[in-house]
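# Close look at the chain arrangement
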Amino acid sequence: MPPLEELALLVPSTTGRFKIYRAHNQMMNHAFHRCFASVTMVFLWALILMAFTASYLSFVDSGNRYLHHSSFWDHGGIGGIQWEKKVHSSAQILRADGISVLVTGAAGFIGTHVSLALKTRGDGVVGVDNFDNYYGPSLKRTRQALLESHGVFIVDGDINDQRLLATLFDTVAFTHVMHLAAQVGVRYGVNNPYSYVHSNVAGLVTLLEQCKCAGRQPAIVWASSGSVYGVNNNAPFSESDPANPPASLYASTKKTGEEITHTYNRLYGLSITGLRFFTVYGPWGRPDMVYFSFTRNISAGTPITVYRVKDRVDLARDFIYIDDVVKGCVASLDTSGKSTGSGGKKKGSAPYRIFNLGNSNSSPVTVPAMVRILEDSLGMKAKMDVADVTGNGDVSFPHVNISLAQKELGYNPTTDLQTGLRKFVKWYLWYYSRPSAHNNL
Ligand SMILES: O=C(O)[C@H]1O[C@H](OP(=O)(O)OP(=O)(O)OC[C@H]2O[C@@H](n3ccc(=O)[nH]c3=O)[C@H](O)[C@@H]2O)[C@H](O)[C@@H](O)[C@H]1O
């Protein structure tokens, strides 16, 4: 690099000076061009590098907008030897004629209970869950710890992550998939519509694509919803009834899921069972559901708001206890029949089934009646406000016909709401009395 005073001569201030310093200037002009050329090259390279970095970052960002777990891949957490060991151990079948099941949404309410039931009877179970923050993730982490203490490994990942699913299927030849991962909640969709599309539509398709491509396709049992009956007034709802129009985005995406699974069944020979869950409750339940949030408020002495439809008619639900639903899920896996295809090719027709899993035995219970049971179980009186229903996705009177599930699955709910809510309240009081549970809501 020329000294600073020489650099000052590179641009002549007068023609005379230019003449005097011509030879020197010629030399300096060469230097300048060389220098300029190398600065240009450096600049160009910097530009290329910046463009490359920017496009890489935007690729990673768009890929991971919903996939929160890239760091697992980056640090070798998924697919490494330790990881494979955990997956193999969790997938191990310990009974004759056992099955190996991938449970999506395993850290969720129903996922935890189904995983435990399967593991306890000796089936292989591997969970996958993205631990989203729809409600306090610490409850999901506690469920995960519970499952791990029973030998069930939950992979921290999203069902939209095609690479993760491919690695899982390369590691274990799953005979069944119990697909419970979903964006739930009938009122949340008003402000968070894309979350439903991401999990309940895109995630479902990604999972079905993986199942379709497997060398030995697994049979799939998945969570549809009683909410697909929508504003249909032909209660009690039967599987053969029309299931339209949906009252919430949640219901729309579950109805869409039924269409999508039907297509995969027809095109690729995947065995599909859709379970229309009604209002499932019980220990380790979901804090966003009304029996749970009301228990929290009543025990804290804070008010609850009970919705009513017009003419002061109470809303009612077919509340169904978790243990009964788990029996329905396990029976669905056991009776699923086989998928016929392999590597994306159909080799024959496969079963396509839909079942209502509700509780017709004790008919729908109104929300105020449920509140009275909670008051009895807690030994406390609710501070109750009443409000008109918001129109944010509620349906008024879901009442279910379960005769098909009774016939085909031997499904027979035995827990009445009083007994079930007592068990829930007992669990709730235990769970939130633990010192580590303060932020678990
Ligand atoms: O069948 C399903 O597929 C869905 O079931 C469940 O939905 P719902 O049956 O609507 O349960 P949930 O929210 O407990 O409200 C129960 C009642 O309490 C009333 N309700 C609610 C809140 C409130 O503050 N006050 C009130 O009266 C409310 O108006 C309603 O009448 C799951 O949440 C949903 O994710 C999905 O799985």
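In case you missed it, the structure is sitting above this.
In short, a report on the structure. (Residues numbered from 1 in each chain as written. Predicted model: local features only at pLDDT ≥ 70, side-chain atom pairs only at ≥ 80, totals over all residues. Heavy atoms only, no water.)

Core analysis: the largest hydrophobic core is formed by 76 residues, its most contacted members being I110, M178, F277, Y291, F294, M370 and V371. The contact partners of M178, leaving out residues within four places of it in the chain, are V101, L102, V103, T104, V114, V221, L275, C329 and L333. (Core = buried A, V, L, I, M, F, W, Y, C linked by side-chain atoms within 4.5 Å. Buried < 20%, exposed > 50% of the residue type's maximum accessible area, 1.4 Å probe, protein only. Contact = heavy atoms within 4.5 Å.)

Helix length check: helix α6 (residues 109–120) (12 residues) gives 17 Å between terminal C-alpha atoms against 16 Å at 1.5 Å per residue, within 8%. Where burial is concerned, most of α6 is hidden: 10 out of the 12 residues are buried. Buried residues of α6: F109, I110, G111, T112, H113, V114, S115, L116, L118 and K119, and no others. G122 lies just past α6 and shows a positive phi near 105°. (Helix = DSSP H or I, 4+ residues; strand = E, 2+ residues; numbered from the N terminus. Expected span 1.5 Å × (residues − 1).)

Take the side chain of E258 next. Considering the arrangement of structural elements, one finds E258 in helix α10 (residues 249–268). One polar contact links E258 to R276, side chain to side chain, over a distance of 2.7 Å. When near neighbours in sequence (up to four residues on either side) are disregarded, E258 contacts W222, S224, V228, R276, Y352 and I354. (Polar contact = N/O pair within 3.5 Å; in protein donor to acceptor, adjacent residues only side chain to side chain.)

Attention now goes to the sheet that holds strand β14 (residues 384–388). In spatial order, the strands read β9-β8-β14; together these three strands make up an open sheet with mixed pairing. Only two strands of the sheet have a single partner each, and these edge strands are β9 (313–314) and β14. Where strand β8 (residues 304–309) meets β9, two bridges bridge the pair, whose relative direction is antiparallel. Paired with V309 across the strands is V313, a residue of β9. Strand contacts of helix α13 (residues 367–378): β8, β9 and β14, with the helix running at about 155° to β8, the strand carrying the most contacts. (Pairing = 2+ DSSP bridges. Axes fitted to C-alpha atoms, helices over the stretch in contact; angles between N-to-C directions.)

Neighbouring the ligand are 22 residues, the closest being R187, S225, T279, V290 and R317. Here an oxygen atom of the ligand and a side-chain polar atom of Y250 are 3.4 Å apart. One nitrogen or oxygen atom from the side chain of T279 is found 2.7 Å from an oxygen atom belonging to the ligand. Against a free-state accessible area of 700 Å², the protein chains account for coverage of 91% of the ligand. (Near = heavy atom within 4 Å. Areas by Shrake-Rupley, 256 points an atom, 1.4 Å probe, with all protein chains shown as cover.)

All right, on to the state of the cysteines then. Enumeration over the complete set of coordinates arrives at zero disulfides. For C211, which is in no disulfide, the shortest distance to another cysteine sulfur is to C213 and amounts to 9.3 Å. (Disulfide = S-S within 2.5 Å.)

Let's shift gears to the sheet that holds strand β3 (residues 153–156). With parallel pairing, seven strands are arranged side by side in an open sheet as β3-β2-β1-β4-β5-β6-β12. Only two strands of the sheet have a single partner each, and these edge strands are β3 and β12 (352–357). The average undirected angle you get between the axes of adjacent strands in this sheet is 20°. Bridge count between strand β1 (residues 100–104) and strand β2 (residues 124–129): five bridges; the pairing is parallel. Across the sheet, the residue bridging to L102 is V126, located in β2. Relative to β2, helix α5 (residues 81–91) is tilted by about 130°, and along the sheet it contacts β1, β2 and β3.

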